Protein chains: 4
Amino acid sequence: MHSYTLTISCPDRVGIVAAVSSFVAQHGGFIVEASYHTDQESQRFFIRQEIRADSLPFSVTELRARFALLAEPFKMNWQISDSAVKKRVVILVSKQDHCLNDLLHRWRSKELEVDIPCVISNHEDLRSFVEWHGIPFHYVPMQDKPVAFAEIARLFETVQGDVMVLARFMQIIPPDLCERYAERIINIHHSFLPSFAGAKPYHQAFQRGVKLIGATCHYASAELDAGPIIEQDTMRIDHGDSAEDMVRYGRDIEKTVLARGLRYHVEDRVLACGNKTIVFR
Amino acid sequence: MHSYTLTISCPDRVGIVAAVSSFVAQHGGFIVEASYHTDQESQRFFIRQEIRADSLPFSVTELRARFALLAEPFKMNWQISDSAVKKRVVILVSKQDHCLNDLLHRWRSKELEVDIPCVISNHEDLRSFVEWHGIPFHYVPMQDKPVAFAEIARLFETVQGDVMVLARFMQIIPPDLCERYAERIINIHHSFLPSFAGAKPYHQAFQRGVKLIGATCHYASAELDAGPIIEQDTMRIDHGDSAEDMVRYGRDIEKTVLARGLRYHVEDRVLACGNKTIVFR
Amino acid sequence: MHSYTLTISCPDRVGIVAAVSSFVAQHGGFIVEASYHTDQESQRFFIRQEIRADSLPFSVTELRARFALLAEPFKMNWQISDSAVKKRVVILVSKQDHCLNDLLHRWRSKELEVDIPCVISNHEDLRSFVEWHGIPFHYVPMQDKPVAFAEIARLFETVQGDVMVLARFMQIIPPDLCERYAERIINIHHSFLPSFAGAKPYHQAFQRGVKLIGATCHYASAELDAGPIIEQDTMRIDHGDSAEDMVRYGRDIEKTVLARGLRYHVEDRVLACGNKTIVFR
Amino acid sequence: MHSYTLTISCPDRVGIVAAVSSFVAQHGGFIVEASYHTDQESQRFFIRQEIRADSLPFSVTELRARFALLAEPFKMNWQISDSAVKKRVVILVSKQDHCLNDLLHRWRSKELEVDIPCVISNHEDLRSFVEWHGIPFHYVPMQDKPVAFAEIARLFETVQGDVMVLARFMQIIPPDLCERYAERIINIHHSFLPSFAGAKPYHQAFQRGVKLIGATCHYASAELDAGPIIEQDTMRIDHGDSAEDMVRYGRDIEKTVLARGLRYHVEDRVLACGNKTIVFR
């Protein structure tokens, strides 16, 4: 179904929903899904509305022009995205390919309706698998990191990427890139953050003797593993499981959590709120 | 916080949210929480809005009178409940008291903000525990079932009960009572329905060799264990667990699932839709 | 690590563990993992022991010959498998490829240490993907079912398959094949059995209004969807999810549950006990 | 069923299971449940065996005397407990009573087969509820902490307590007490440790924006919230949940996790291994 998704963040006050709903209704707009949230701390109000495109008598350009007039007095940060325009997802990967394999399957089975203009890796190992899908594969070695990240940014800009997915990329993104692409770089960390940030989280978990392990999908931010969390999950382990077993089990959580987080993002379900996220599922 | 909760079910069409939101906004009503759902099959629309009482310039009576005018052309089934008026919950119990113990604790710790005008049982065993809470306890033996259920209905009416909770009551409620109190009798069944309806579900589960057990909170209906489901949950077991172990583990799911389902109900979060429920959490 | 896995089922009595452990110890055998279970109903005892191959002074053939002497008076059903000999897994698939994609990834990343001598399908759609892995792909159309299943059995025998995996094969295996390959055909059913056996389980689940959906990995048996359950899992859904959403979410449970079930099977962790399984995780 | 539970920890080597099993078998001992584990790091071996008391021809005293001879050459740390001698559990509580309510219910319904010789609190609030159960209640105010903890230790010794349960006691146990009663003080911490140790974990979790909350049952050790973990669990929350909602939901996890951890402990299922635990479920 062709639809427009309207997302809004603005200072909370009486009458926001009424104003937005009346605007949509007066043009015959049919709301498919609607979600609202007030953040008590910041006193900000958040909206996501999905409207059937064919219920409106004008184009998305006209919709945006008209909505801008309503948005201004409410001091809204807003965005209208068009389901006919697929998001462009650039995947970065190292050697471990379980998340890549999972995302590419969701893409080729049309479960995940995005474009994947290219995959970037610091190893050649996954070229053949990626190219079998008809997706360009770019090898960017990491010997000179500033050069490498400049090249990654150039590739991302060249293909007009909307979102960069670190699908177990195992490299720390430089703070300036995190800031330039704030809430546009999605990472999967292989622990239940904030526990076990940094390297080798499953080994840290093994040493601590926890009874559950987890994974966290979050936006990359300048501070490592500390960005806004989009999605998390955990699973039970026991004393019989070695750190290697945890690594193996963990892959199943990682790929599921990343896929869910990415889906929420590309469906405009994730709204940042300070260092937290609102996820309108 | 003193609030009014508005729940609506009506045929779907353009402009419902706009009309309702504008009505609330024009009186300065501050919406604390709002949820919407369209049921595709029945083409009906469902709303739950929670409004701060002190943001409105009139009483709940006036609110109801004014809202009735708006509701009529939309053919709305609607209800406005007032958080200042606690729901009256009558608990029916047999000998097993884990759900009763759990509910009474939530009540006395004010987690569950309801009135419990009485507890009814077909055994005397739990009288002392109930009365320690200062709650009247009525013993209704089950030798003559029609007489017993007539007495239960009489007690329920006398205390002006809003909802009857079968907290492991272990007796089948007659169909006519289920119909008279449709969506007002909440049962906890000790299986993941529709699996293992009827008697001894854990023993059925043990025989079938399932790897998870569950519990289901649902509205009682004329057909046994087939009413609209409000809440469910499952937990993992393994081959080492006997049917008795399952009974023991299951108690923890039963009490949690019942408590969640009851909370949803008394907070007007559950809207029936045919034999299904919409639960606006 | 090279190891031998000993699995035993026999009538319960005093001294079984002592006899088996003493046998292993007297040859210097180093037990890596050991699990025991008594089934109360059948009064049978079950053992799984994993022994380091390099701790024993003789070959697996000699081990089997010697163990046979011990096993006889205890009336043991027993089996010793050698980790150096990989199980041969034949995968049957239709058009939906999420389970296939998942299993092939686990295979090519060496997470699942098995041989996959071929993939069989009643559609040509997945040929290219399977052949990219260097695995033979056999197209067996289903127009004439007896002919088709005879061909499937022939292929399975030709490649000396140990286990047949129905990775969303969507065809009912004839009872005689189920019996010939008892506990050697693994199916993934897309519901939490025994709920919603048969066709379109997610649509059945949607109609019933359940609050969790699930998947079940089980041995195929003559009665449809009624064989011994190996593994199950569930996930939460809500009223906002359509039957199509459930199909999508469900794929994630299906592939994980099938992969876990298959792993347990190929590691000789699953022992049948009537229509139930013991899974020594 | 009357049984003896044997737990052993010793350096790993060939023949331990054979020696122990043969010892039991030669006296006709019927093993009800047996679990084994090797800790790779410390190269230590762990055993738990539950033996039917009526299958042995002598008393537990004689069993211990005979087993001591076997244990010595293997350098075993071992213990044999008798199910006829109930563990004595002293519960410490502050004002929040959800864990206490839960534990007392399990005790009075005989789900948890222990003795509760007394409950100790730094507030008078729960006296009536505890005394209704016929359990002595001791009020120990916390104004002078050294005096208070000396009194707690005295009470614990007087009633010959086996294990002290901090059922949301909200007071930091002095390091010397933690050491004196190593692995005998069980705490419930209201977060998924190691995340959010210390005060107000739900508020920490709310600030960080995690998508799951949890609880941890662990042995108290000199370092706060850093002792060996016995059991943990998590549950899903979302952006709509306030810190107060988390506190409320969290109570359900806390009481379940504490009850499971305590059960494992009193059934001798928990063996310490450095700062980790082996839990033979």
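Residues numbered from 1 in each chain as written. Chains lettered and ligands numbered in written order. Predicted model: local features only at pLDDT ≥ 70, side-chain atom pairs only at ≥ 80, totals over all residues.

Novice: Help me understand the relation of the copies chain D and chain A in this model?
Specialist: Between chain D and chain A, which share one sequence, the superposing operator has a rotation angle of 180° and an axial displacement of 0.0 Å; the RMSD is 0.0 Å. This pairing of chains is accounted for by a two-fold axis. It is Ser 195 of chain D whose C-alpha, among those of chain D, lies nearest the rotation axis, at 2.5 Å. Of the residues that chain D buries at the interface, 100% are likewise interface residues in chain A, meaning the two copies contact each other through the same surface. (Least-squares fit on C-alpha atoms with pLDDT ≥ 70 in both. Contact = placed C-beta atoms within 7 Å.)

Novice: Would you mind showing me how to read the interface of chain B and chain C here?
Specialist: For interface size, the figure often reported is the accessible area lost on association. Each side of the interface is counted separately: chain B has 24 residues, and chain C has 24 residues. Elements that contribute at least two residues to the side of chain B that touches chain C include exactly β11 (229-236) and β13 (276-279) of chain B. Partitioning the side of chain B that touches chain C into residue classes produces 8 nonpolar, 11 polar and 5 charged. (Helix = DSSP H or I, 4+ residues; strand = E, 2+ residues; numbered from the N terminus. Nonpolar A, V, L, I, M, F, W, Y, C, P; charged D, E, K, R; others polar.)

Novice: Sorry if this is basic, but what is going on with the interface of chain D and chain A here?
Specialist: Each partner contributes to the interface: chain D provides 24 residues, whereas chain A provides 24 residues. Contributions of two or more residues to the side of chain D that touches chain A are made by β11 (229-236) and β13 (276-279) of chain D.

Novice: When you look at the relation of the copies chain B and chain C in this model, what are you seeing that I'm missing?
Specialist: Structural alignment of chain B on chain C gives an RMSD of 0.0 Å, achieved by rotating through 180° and translating 0.0 Å along the axis. A share of 100% of the interface residues of chain B reappears at the interface of chain C, consistent with the copies meeting face to face through the same patch.

Novice: I tried to follow the sheet that holds strand β6 (residues 119-121) of chain B on my own but got confused; where do I start?
Specialist: Strand pairing in a sheet relies on backbone hydrogen bonds. The paired strands run either parallel or antiparallel. All names here are of chain B. Spatially, the 7 strands line up as an open sheet ordered β7-β6-β5-β8-β9-β10-β11, and their pairing is mixed. Each edge of the sheet is formed by a strand with only one pairing partner; in this case those strands are β7 (137-139) and β11. On average, each strand axis in the sheet is inclined to that of its neighbour by 15°, with strand direction left out of account. (Pairing = 2+ DSSP bridges. Axes fitted to C-alpha atoms, helices over the stretch in contact; angles between N-to-C directions.)

Novice: Just checking my understanding: could you explain the domain arrangement of chain A for this structure?
Specialist: Residue and element names in this part refer to chain A. Here chain A is partitioned into domain 1 (3-82) and domain 2 (89-279). With 10 residues of domain 1 at the contact, the number on the domain 2 side is 6 residues. Classifying every residue of the side of domain 1 that touches domain 2 gives 1 nonpolar, 6 polar and 3 charged. (Domains from an automatic or database assignment.)

Novice: Any chance you could explain the nonpolar core here in plain terms?
Specialist: It is characteristic of soluble globular proteins that their nonpolar side chains tend to be buried jointly. By size, the foremost hydrophobic cluster in this structure holds 301 residues, and its most contacted members are Ala 167 of chain A, Ala 167 of chain B, Ala 167 of chain C together with Ala 167 of chain D. Residues in contact with Ala 167 of chain A, not counting those within four places in the same chain, are Ile 91, Leu 92, Val 93, Cys 99, Leu 100, Leu 103, Ile 188 and Leu 258 of chain A. (Core = buried A, V, L, I, M, F, W, Y, C linked by C-beta atoms within 7 Å. Buried ≥ 20, exposed ≤ 12 C-beta atoms within 10 Å, placed from the backbone.)

Novice: Would you take a moment to explain the packing of helix α3 (residues 98-108) of chain A against helix α8 (residues 243-266) of chain A for this structure?
Specialist: Two quantities define a packed helix pair, namely the angle between the axes and the distance from one axis to the other. Residues and elements named next belong to chain A. Two numbers describe how α3 lies on α8: the axes approach to 9 Å, and their chain directions differ by 45°. When the axis of α3 is compared with that of α8, the two are oblique. The way α3 lies across α8 gives a crossing that is right-handed. Taking contact as the criterion, the partners of His 98, Cys 99, Asp 102, Leu 103 and Arg 106 in α3 are, on α8, Arg 251, Glu 254, Lys 255, Leu 258 and Ala 259. (Parallel < 35°, antiparallel > 145°, perpendicular 65-115°, else oblique. Left-handed = near helix turned anticlockwise from the far one by under 90°.)

Novice: I would appreciate a short explanation of unusual backbone geometry in the present structure.
Specialist: Residue and element names in this part refer to chain A. Pro 194 follows Leu 193 through a cis peptide bond whose omega is 10°. One can find Pro 194 in the loop between β9 (185-189) and α7 (201-208). Even without a glycine there, the phi angle at Phe 196 is positive, about 60°. Within the secondary structure, Phe 196 is located in the loop between β9 and α7.

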